[in-house]
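Here is how the chains run, residue by residue.
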Amino acid sequence: GAVDNEDQGPEEPTGPSDEVEAQYHAALVKAYNALPSYEQSLSAIIQEYNEQCLNPSSDERYAAFQRAAGVAYDLSLESSNLSRLEIPKDSQWYEASQALMALYSDLYGSAGIIQRCWLLNYPLDDPEPYKDKWMQPLTEHLVDGQIDLLIDYQQQKPSVGAML
């Protein structure tokens, strides 16, 4: 005869529990809400780079390098925290988590570009004659005067917010 499956009760749900999903969501919202603060930090180191890259004081340029490295480090920590959530593919928040990690990657990459420029710049007694060399990490990422990663960031951020 036919096998009767009706008395086996409801199917076991697959994927994370509602409670775990709520924790994922809270963590993603917190990370998303932290973005403006990182945007400000990044904007500050870019502005400082533009203002100080030809400063005759190697010490002041080194201090600016350290500030850029600090922003890059903070962004790397935030990215690590996000990836450590290990949101599984069957979570309703998986796509949002991937998109949010991409935003952090854009910011981290942008801070890294400024950090690399400073690394080439600050040891020089006079950076002016070597401008093409220490500007290269930046110039290879410039599109219409903006860092390509930041253009991507600005384009993607609204859709990530909408996912949350």
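Residues numbered from 1 in each chain as written. Predicted model: local features only at pLDDT ≥ 70, side-chain atom pairs only at ≥ 80, totals over all residues. Heavy atoms only, no water.

Comments concerning the layout of surface pockets
The space that makes up the largest pocket amounts to roughly 240 Å³. Of all elements in the fold, only α1 (18–52), α3 (94–121), β2 (146–147) and α5 (148–163) reach the threshold of two or more residues within the lining of the largest pocket. In terms of residues, the lining of the largest pocket owes the most to one element, α1, which gives five residues. (1 Å grid on protein atoms, 1.4 Å probe; cavity = no way out; pocket = protein on both sides within 12 Å on 5 of 7 lines; lining within 4 Å. Points joined across faces, edges and corners; volume = space filled by probe spheres on them. Helix = DSSP H or I, 4+ residues; strand = E, 2+ residues; numbered from the N terminus.)

A short note on the pattern of salt bridges
If the charged atoms of two oppositely charged side chains come close together, the side chains can form a pair. Under the definition given, this model contains two salt bridges. In this structure, the salt-bridge partner of glutamate 39 is lysine 157, at a minimum N-O distance of 2.8 Å. One end of the pair, glutamate 39, is in helix α1; the other, lysine 157, is in helix α5, with 118 residues separating them in the sequence. Take lysine 157: its relative accessible area is 17%, and that puts it in the buried class. A salt bridge links arginine 67 to glutamate 48, with the shortest nitrogen-to-oxygen separation between them at 2.5 Å. Here arginine 67, found in helix α2 (residues 58–84), pairs with glutamate 48, found in helix α1; they are 19 residues apart in sequence, far enough to count as distant. (Salt bridge = Lys/Arg side-chain N within 4 Å of Asp/Glu carboxyl O. Buried < 20%, exposed > 50% of the residue type's maximum accessible area, 1.4 Å probe, protein only.)

Some points on the packing of α1 against α5
It is the contact of α1 with α5, at a shortest axis distance of 12 Å, that shows an interaxial angle of 165 degrees. Of the possible angle classes, the one that applies to α1 and α5 is roughly antiparallel. Classified by chirality, the crossing of α5 by α1 is left-handed. Of α5, the residues touching α1 (which contributes Tyr32, Leu35, Pro36, Glu39, Leu42 and Ile46) are Leu150, Tyr153, Lys157, Val160 and Gly161. Tallied by class, the residues present in the contact of α1 with α5 amount to eight nonpolar, one polar and two charged. (Axes fitted to C-alpha atoms, helices over the stretch in contact; angles between N-to-C directions. Parallel < 35°, antiparallel > 145°, perpendicular 65-115°, else oblique. Left-handed = near helix turned anticlockwise from the far one by under 90°. Contact = heavy atoms within 4.5 Å. Nonpolar A, V, L, I, M, F, W, Y, C, P; charged D, E, K, R; others polar.)

A look at the environment of glutamine 156
Within the element layout of this structure, glutamine 156 appears in helix α5. On the basis of relative accessibility, which here comes to 34%, the residue glutamine 156 falls in the partly exposed class. Separated by 19 residues in the primary sequence, glutamine 156 and proline 137 have C-alpha atoms spaced 23 Å apart.

Structural notes on the side chain of serine 110
Mapped onto the fold, serine 110 is located in helix α3. What makes serine 110 buried here is its relative accessible area of 0%. Serine 110 has contacts with Leu42, Ile147, Leu149 and Leu150, leaving out every residue within four places of it along the chain.

Structural notes on the state of the cysteines
Here, the word disulfide means a covalent bond between the sulfur atoms of two cysteines. A complete count under the given rule lists zero disulfides for this structure. Distance from the sulfur of cysteine 53, which forms no disulfide, to the nearest cysteine sulfur (cysteine 117) is 8.8 Å. We classify cysteine 117 as buried; its relative accessible area is 0%. (Disulfide = S-S within 2.5 Å.)

Focus on α2
Its 27 residues give α2 an end-to-end C-alpha distance of 38 Å, which sits within 8% of 39 Å, the value for a rise of 1.5 Å per residue. Structurally, α2 contributes buried residues whose contacts are with α1 and α3. (Expected span 1.5 Å × (residues − 1).)

Describing the packing of aromatic side chains
On inspection of all chains with the given rule, the structure shows six aromatic pairs. Centre to centre, the rings of tyrosine 62 and phenylalanine 65 are 5.7 Å apart; their planes meet at 35 degrees, and the pair counts as tilted. Residue tyrosine 62 and its partner phenylalanine 65 are located together in helix α2, separated by three residues, close to a single helical turn. Each ring, one from tyrosine 62 and one from tyrosine 122, has its centre 4.7 Å from the other, and the planes form 65 degrees; the classification is edge-to-face. Highlighted residues: tyrosine 62 in helix α2 and tyrosine 122 in the loop between α3 and α4 (131–139), separated in sequence by 60 residues. Here the aromatic residues Tyr49, Trp118 and Trp134 are joined through ring pairs into a cluster of three or more. (Phe/Tyr/Trp six-rings, centres within 6.5 Å; stacked < 30°, edge-to-face > 60°.)

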